[in-house]
Amino acid sequence: MDQLSATFAALADPTRRAILARLTEGPATVKELSEPFDMSGPAISKHLRVLEKAGLITRGREAQWRPCQLDATPLREVSAWAENYRRFWDASYTRLDALLTEMKENEQ
Amino acid sequence: MTTVKFGTTVTLPSNNEIAMSRTFDAPASLVWKAFTEPSLLRRWLLGPDGWEMPICEVDLRVGGKWRYGWALPDGSQAFEMYGEYTEVTPFSRLVNTEHFEDNPPAVTTVEFVEVDGRTTMTTTMRLVSQEARDAVLATGMSDGAGRSYERLGEVLASL
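The annotation that UniProt attaches to chain B under Sequence similarities (unreviewed entry) is "Belongs to the AHA1 family."

Written out as structure tokens, the structure is:
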């Protein structure tokens with residue numbers, strides 16, 4: 001799987017997105033990450049492995065705690081893509097707003 | 001009458017879909033009309049300022065073809081998209097195939113939901129394969145490199 005596919009596959013899961021959102025605030029341990037979710041440590045670890053493989057997080061070397069940290073590089077690619085897509089449509093939709101206003105006035 | 005502008009949100013419902021949602025201050029019948037009549041489409045479906053839409057063909061029936069073409073007035077850049085309608089439910093739902101450049105086809109579903117005179121239009125593009133999605137991603141990303149870290153929170157919030 002290439003980088004972007006791995007990123008998208010990792011982002012497709014809501015638990016993994018929530019984990020990433022938590023990590024934007026700073027590094028956290030598996031225990032800290034599993035607290036907000038009704039999930040076992042192993043289940044969270046499985047999600048973390050997917051995120052790690054996708055290059056979205058890195059994990060500390062201390063065997064016991066292994067704090068997780070966000071790596072934003074792959075997300076920047078997704079972000080740039082989504083931003084371009086949104087910009088094309090947003091510009092078009094702003095024109096559509098004006099056209100619809102005109103159409104409503106013509107109907108009255 | 002003032003024009004109300006709502007925000008456009010882009011979401012990723014699954015690993016081969018891209019969805020976009022936008023609300024308009026108009027009934028579904030008018031949004032549908034603006035979305036399916038070439039003379040109206042040409043006035044808004046233009047992306048960033050400066051582009052024109054010299055090709056806009058809509059044969060609005062199941063099995064009917066559509067083709068859109070955009071160009072800069074000086075002729076320096078142009079691109080086209082085309083496809084076929086597979087479901088046409090007036091004022092409510094439109095499904096079509098979409099071909100863009102050398103990308104494998106995508107299937108686009110547009111849903112129109114009216115509440116209290118306002119219409120939310122949700123466009124979901126499903127790419128037929130992982131390769132297709134990656135090709136589309138590569139196309140859209142060309143001039144987006146190096147965007148700032150601050151956008152990260154925004155993107156995560158929108159996913």
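Once the structure has been displayed, the description carries forward.
Draft legend 1. Layout of the overall build of chain A. Secondary structure assignment for chain A yields five helices and two strands. Starting at the N terminus, the α and β elements of chain A follow one another as α-α-α-α-β-β-α. When each of the 108 residues of chain A is scored for burial, the buried share is 28%. Contacts spanning at least 24 positions in sequence make up 52% of the contacts within chain A whose residues lie at least 6 apart.

Draft legend 2. How the structure looks around the overall build of chain B. When its secondary structure is counted, chain B shows four helices and eight strands. The linear arrangement of helices and strands in chain B, starting from the amino end, is β-β-α-α-β-β-β-β-β-β-α-α. The buried share of chain B, reckoned over its 159 residues, is 20%. For chain B, restricting intrachain contacts to residue pairs at least 6 apart in sequence, the fraction spanning at least 24 positions comes to 34%.

Draft legend 3. Geometry of the nonpolar core. Among the nonpolar cores identified, the biggest contains 16 residues, and Leu23, Leu51, Leu56 and Ile57 of chain A are the most heavily contacted of them. Only α1 (3-11), α2 (14-23), α4 (41-53) and β2 (68-70) of chain A provide two or more residues apiece to this core. When residues no more than four places from it in sequence are discounted, the contact partners of leucine 23 of chain A are Ala28, Ile57, Cys68, Gln69 and Leu70 of chain A. Grouped together as the second largest cluster of nonpolar side chains are 15 residues, Leu99 of chain A together with Trp32, Leu94 and Val110 of chain B included.

Draft legend 4. Quick peek at the pairing of strand β8 (residues 118-127) of chain B. All names here are of chain B. Looking at chain direction, strand β2 (residues 17-24) and β8 are connected through eight bridges and run antiparallel. Residue threonine 23 lies in a different strand from β8, and its bridge partner there is threonine 120. For strand β7 (residues 106-115) and β8, the ladder comprises 10 bridges, and the chain directions are antiparallel. Counted as the bridge partner of valine 107 is arginine 126 from β8. If you look at the hairpin formed by β7 and β8, you'll find two residues sitting between the two strands, and aspartate 116 has a positive phi there, around 50°.

Draft legend 5. Region of interest: the environment of tryptophan 89 of chain A. Tracing the chain through its elements places tryptophan 89 of chain A in helix α5 (residues 73-107). Tryptophan 89 of chain A gets classed as partly exposed once you count the C-beta atoms within 10 Å, which come to 18. What tryptophan 89 of chain A contacts, discounting residues up to four positions off in sequence, is Thr8 and Met20 of chain B.

Draft legend 6. Region of interest: unusual backbone geometry. Residues and elements named next belong to chain B. Although it is not a glycine, phenylalanine 91 sits at a positive phi angle of roughly 65°. Summarising the element assignment, phenylalanine 91 is placed in the loop between β5 (78-89) and β6 (93-100). At aspartate 116, a residue that is not glycine, the phi angle is positive and equals roughly 50°. Along the chain, the position of aspartate 116 falls in the loop between β7 and β8. For aspartate 116, a count of 6 C-beta atoms within 10 Å translates into the label exposed.

Draft legend 7. The packing of α2 of chain A against α4 of chain A, seen in detail. Residues and elements named next belong to chain A. The interhelical angle for the contact between α2 and α4, taken along N-to-C directions, is 75°, at an axis separation of 10 Å. With respect to α4, the axis of α2 lies roughly perpendicular. Residues Thr15, Arg16 and Ile19 of α2 touch α4, and the partners they reach there are His47, Val50 and Leu51. Split into classes, the residues belonging to the contact of α2 with α4 amount to three nonpolar, two polar and one charged.

Draft legend 8. Seen up close, the confidence of the model for chain B. All names here are of chain B. Residues with a pLDDT of 70 or more make up 72% of chain B, whose mean pLDDT is 79. Scored below 50 in pLDDT, residues 138-159 shows 39 contacts in the model against residues more than four places distant or in partner chains. Reported for the predicted complex are a pTM of 0.66 and an ipTM of 0.75.

Draft legend 9. Representation of the pairing of strand β4 (residues 65-71) of chain B in the model. Residue and element names in this part refer to chain B. Alignment of strand β3 (residues 52-58) against β4, held across five bridges, turns out to be antiparallel. By the bridge assignment, isoleucine 55 is partnered in β4 with glycine 69. The antiparallel hairpin formed by β3 and β4 contains six residues in its connecting segment, where glycine 63 sits at a positive phi of about 90°. Bridge count for β4 against β5 is seven bridges, and the pairing is antiparallel. Following the sheet pairing, arginine 67 is matched in β5 by tyrosine 82.

Parameters at a glance
Residues numbered from 1 in each chain as written. Chains lettered and ligands numbered in written order. Predicted model: local features only at pLDDT ≥ 70, side-chain atom pairs only at ≥ 80, totals over all residues. UniProt positions renumbered as here; feature names shortened; annotations may be inferred. Helix = DSSP H or I, 4+ residues; strand = E, 2+ residues; numbered from the N terminus. Buried ≥ 20, exposed ≤ 12 C-beta atoms within 10 Å, placed from the backbone. Contact = placed C-beta atoms within 7 Å. Core = buried A, V, L, I, M, F, W, Y, C linked by C-beta atoms within 7 Å. Pairing = 2+ DSSP bridges. Axes fitted to C-alpha atoms, helices over the stretch in contact; angles between N-to-C directions. Parallel < 35°, antiparallel > 145°, perpendicular 65-115°, else oblique. Nonpolar A, V, L, I, M, F, W, Y, C, P; charged D, E, K, R; others polar. pLDDT = per-residue confidence, 0-100.

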